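Letter by letter, the chains look like this.
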Amino acid sequence: MIEITRLIKTLHGGGHEVEILKSIDLTIPTGQFLAITGQSGSGKTTLLSLIAGLDTPTAGQINIDGQDITKLDEDELALLRGKRFGFIFQNFHLIPTLTALENVVLSAELNNTPGATKKANDLLGTVGLGDRLHHYPVQLSGGEQQRLSLARAFVNDPDIILADEPTGNLDSKNSERIIELMLELHRIKHATIILVTHEHHVAERSQRILTLADGQILSDQLLP
């Protein structure tokens with residue numbers, strides 16, 4: 001379970017203070033698929049970065065299974081990210097000199113995941129890239145690269161998947177396929193998924209929609 005208490009993020013610059021997040025309180029149960037939405041500048045990506053330990057809050061707590069990650073140092077955060085988180089980015093962030101299989105295997109090996117090659121093969125088959133194992137990212141379409149990113153994110157069986165606009169660079173057909181795959185992997189792996197999106201039709205595929213506006217929670221809706 002993720003419990004966020006009175007989370008504040010303030011930026012200083014040019015003699016001004018800008019509140020990005022304004023005392024956010026939020027609980028995310030284990031295994032939930034949560035979509036965070038809102039207009040540009042609402043604070044949704046900042047919230048995701050704070051949950052990942054990639055940014056430091058000005059005040060407040062982020063507890064993951066009772067551990068306040070805001071008190072961890074960078075080495076401890078890196079270990080936490082490697083073992084408990086999987087990441088999916090809008091711009092893929094694949095290693096261009098590695099094949100599809102090697103991109104996924106490397107993620108598994110860096111985290112000492114047993115059976116790295118078999119797990120990578122199986123996941124790439126699940127996302128429809130079983131015949132593209134030895135292709136490099138440049139040889140893959142945008143949709144295929146994002147499917148590769150999905151396999152990489154899930155290969156270590158993380159407790160939490162953080163997805164930042166995973167369909168933002170895709171056409172409607174590939175966007176739908178990515179969401180369907182995320183739903184399927186969520187069903188199989190039972191991970192908590194936190195997805196940031198500005199696309200309402202994508203958010204509606206989740207179990208819960210959190211809408212931010214001006215750094216505050218505007219609405220929090222459980223979907224049937």
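You'll find the structure just up there.
Residues numbered from 1 in each chain as written. Predicted model: local features only at pLDDT ≥ 70, side-chain atom pairs only at ≥ 80, totals over all residues. Heavy atoms only, no water.

**Observations regarding the side chain of Ser-107**
One can find Ser-107 in helix α3 (residues 100–110). If near-sequence neighbours (up to four positions away) are discounted, Ser-107 is found in contact with Arg-152, Val-155 and Asn-156. (Helix = DSSP H or I, 4+ residues; strand = E, 2+ residues; numbered from the N terminus. Contact = heavy atoms within 4.5 Å.)

**Regarding the layout of surface pockets**
One number sums up the size of the largest pocket: a volume of about 430 Å³. Along its surface, the largest pocket is lined by 19 residues, and Phe-87, Ser-107, Leu-110, Asn-111 and Arg-152 are the ones closest to its centre. Contributions of two or more residues to the lining of the largest pocket are made by α2 (74–84), β6 (85–89), α3 and α5 (142–154). Tallied by class, residues from the lining of the largest pocket come to ten nonpolar, seven polar and two charged. (1 Å grid on protein atoms, 1.4 Å probe; cavity = no way out; pocket = protein on both sides within 12 Å on 5 of 7 lines; lining within 4 Å. Points joined across faces, edges and corners; volume = space filled by probe spheres on them. Nonpolar A, V, L, I, M, F, W, Y, C, P; charged D, E, K, R; others polar.)

**A few points about the pairing of strand β7 (residues 160–164)**
In terms of residue burial, β7 counts as a mostly covered element, since four of its five residues are buried. Across five bridges, β7 lies against strand β8 (residues 192–196) in parallel orientation. The partner of Ile-160 across the bridge, within β8, is Thr-192. Note that the unit made of β7, helix α6 (residues 172–189) and β8 has a crossover that is right-handed. (Buried < 20%, exposed > 50% of the residue type's maximum accessible area, 1.4 Å probe, protein only. Pairing = 2+ DSSP bridges. Right-handed = clockwise from strand over helix to strand, strands pointing away.)

**Digging into the packing of α5 against α6**
The contact between α5 and α6 brings their axes to 10 Å, and the two run at 15 degrees. The pairing of α5 with α6 is recorded here as roughly parallel in orientation. Of the two possible hands of crossing, α5 and α6 adopt the one that is right-handed. Each of Gly-143, Gln-146, Arg-147, Leu-150 and Phe-154 in α5 lies in contact with α6, whose residues at this interface are Asn-174, Arg-177, Ile-178, Leu-181, Met-182, Leu-185 and Lys-189. (Axes fitted to C-alpha atoms, helices over the stretch in contact; angles between N-to-C directions. Parallel < 35°, antiparallel > 145°, perpendicular 65-115°, else oblique. Left-handed = near helix turned anticlockwise from the far one by under 90°.)

**So, the sheet that holds strand β1 (residues 2–13)**
Sheet architecture is open: four strands sit in the order β2-β1-β4-β5, paired in antiparallel fashion. Each of the sheet's edge strands pairs with one partner strand only, and the pair in question is β2 (16–28) and β5 (67–68). Examined bridge by bridge, strand β4 (residues 59–64) and β5 share two bridges and lie antiparallel to one another. The residue of β5 that forms the bridge with Asn-63 is Asp-68. Sheet strands touched by helix α1 (residues 44–51): β1, β2 and β4. Its angle to β1, the strand with the most contacts, is close to 115 degrees.

**Some thoughts on the nonpolar core**
Membership of the largest hydrophobic core comes to 38 residues, with the highest contact counts inside it found for Leu-124, Val-127, Leu-148, Leu-150, Phe-154, Met-182 and Leu-195. Once residues lying within four places of it in the same chain are set aside, the contact partners of Leu-148 are Leu-94, Ala-100, Asn-103, Val-104, Leu-124, Leu-129 and Leu-140. (Core = buried A, V, L, I, M, F, W, Y, C linked by side-chain atoms within 4.5 Å.)

**Digging into the packing of aromatic side chains**
Applying the stated rule across the entire model yields two aromatic pairs. Ring centres of Phe-85 and Phe-87 lie 6.0 Å apart, and the angle between their planes is 20 degrees; on these two criteria the pair is classed as stacked. Phe-87 matches Phe-85 in its accessibility class, with the two residues each being buried. Measuring from centroid to centroid gives 6.0 Å for Phe-87 and Phe-89, while their planes differ by 5 degrees, and the two rings are stacked. For Phe-89, a relative accessible area of 27% gives the class partly exposed. Site record: aromatic cluster; members linked through ring pairs are Phe-85, Phe-87 and Phe-89. (Phe/Tyr/Trp six-rings, centres within 6.5 Å; stacked < 30°, edge-to-face > 60°.)

**Concerning the pairing of β1**
Here β1 pairs with β2 via nine bridges, running antiparallel. Of the residues in β2, the one forming a bridge with Lys-9 is Leu-21. Between β1 and β2, which pair antiparallel in sequence order, lie two residues; one of them, Gly-14, sits at a positive phi of approximately 60 degrees. Two elements, β1 and β4, share five bridges in a ladder whose sense is antiparallel.

**Digging into the pattern of salt bridges**
Tallying each qualifying case throughout the model produces 13 salt bridges. A salt bridge links Glu-184 to Arg-187; the nearest nitrogen and oxygen atoms lie 2.8 Å apart. Residue Glu-184 and its partner Arg-187 are both found in helix α6; the two are separated by three residues, about one turn of the helix. Classification of Glu-184 as partly exposed rests on a relative accessible area of 33%. Three or more residues joined by partner-sharing salt bridges are found here, namely Asp-65, Arg-84 and Asp-159. (Salt bridge = Lys/Arg side-chain N within 4 Å of Asp/Glu carboxyl O.)

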